[in-house]
Amino acid sequence: IVIVGGGIVGAATAHYLSELGEAGNTTIIERCRVACAASGKAGGFLALDWSDGTRLRGLARTSYRLHQELADRFGADKLGYRPVHTLAVTGTETPSSKAKAGPGQELI
C-alpha cells in the first residue's frame, strides 16, 4: 500500500492501516518530512457545534471526539492538544450604531 503525502490524512491513514496489521505493507511517500506543509502549520482550532444544522454535523462531531481520543491515547502534550472554551457573540448593526469618522479621519 502506497500513501502519497505525509500530512494529517496520510499519517492517519497509515496509523489506521497499522492497526489493521498492514504496517509492514504500507509506505508513505512525502516530499520532505511528515507534516512539513499545511498539516504541520495549522492552528488546529476545532469547534464542536459550528456544523450543527448542516449535513456535516455528524462528521464534525465524530472528528471532535476523535481528536480527544487520540490525545488521550498518545498524550495531549506530545500532540499539542489542549481543549479551550470559547464564547460566540453575534449582533446586528442598526443605524444608530454605525461608526462615524471624525474630522479628517476615514473609516476603512
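Up top you'll find the structure we're talking about.
To start, this report covers the structure provided alongside it.

About the cut-offs
Residues numbered from 1 in each chain as written. Predicted model: local features only at pLDDT ≥ 70, side-chain atom pairs only at ≥ 80, totals over all residues. Heavy atoms only, no water. Helix = DSSP H or I, 4+ residues; strand = E, 2+ residues; numbered from the N terminus. Buried < 20%, exposed > 50% of the residue type's maximum accessible area, 1.4 Å probe, protein only. Expected span 1.5 Å × (residues − 1). Arc of directions from axis to C-beta. Contact = heavy atoms within 4.5 Å.

### A closer look at the overall build of the protein chain
For the protein chain, the count of helices and strands is four helices and two strands. Secondary structure elements in the protein chain, listed N-terminal to C-terminal, are β-α-β-α-α-α. When burial is assessed residue by residue, the protein chain has 11% of its 108 residues classed as buried.

### Things to note about helix α3 (residues 57–74)
With 18 residues, α3 ought to run about 26 Å at 1.5 Å a step, and its terminal C-alpha atoms sit 26 Å apart, in line with that. Looking one or two residues beyond α3, the residue adopting positive phi is Gly 75, at roughly 100°.

### Here we look at unusual backbone geometry
At Ala 35, a residue that is not glycine, the phi angle is positive and equals roughly 60°. Examined against the element boundaries, Ala 35 turns out to sit in the loop between β2 (27–29) and α2 (38–41).

### Quick word on helix α1 (residues 8–19)
Side chains that are three or four residues apart share a direction in an α-helix, a result of its 3.6 residues per turn. Across its twelve residues, α1 extends 16 Å between first and last C-alpha, which sits within 8% of the 16 Å expected from 1.5 Å per residue. When α1 is considered as a whole, its buried residues turn out to be Gly 10, Ala 14, His 15 and Leu 17. Along the axis of α1, the buried residues cluster in a sector spanning 165°; they form a single face. Along α1, the residues that are exposed and aim more than 90 degrees away from the buried face are Ile 8 and Val 9. Residues of α1 that are buried sit in contact with β1 (2–4), β2 and α3. Gly 21 occupies a position one or two residues after α1 and carries a positive phi of about 85°.

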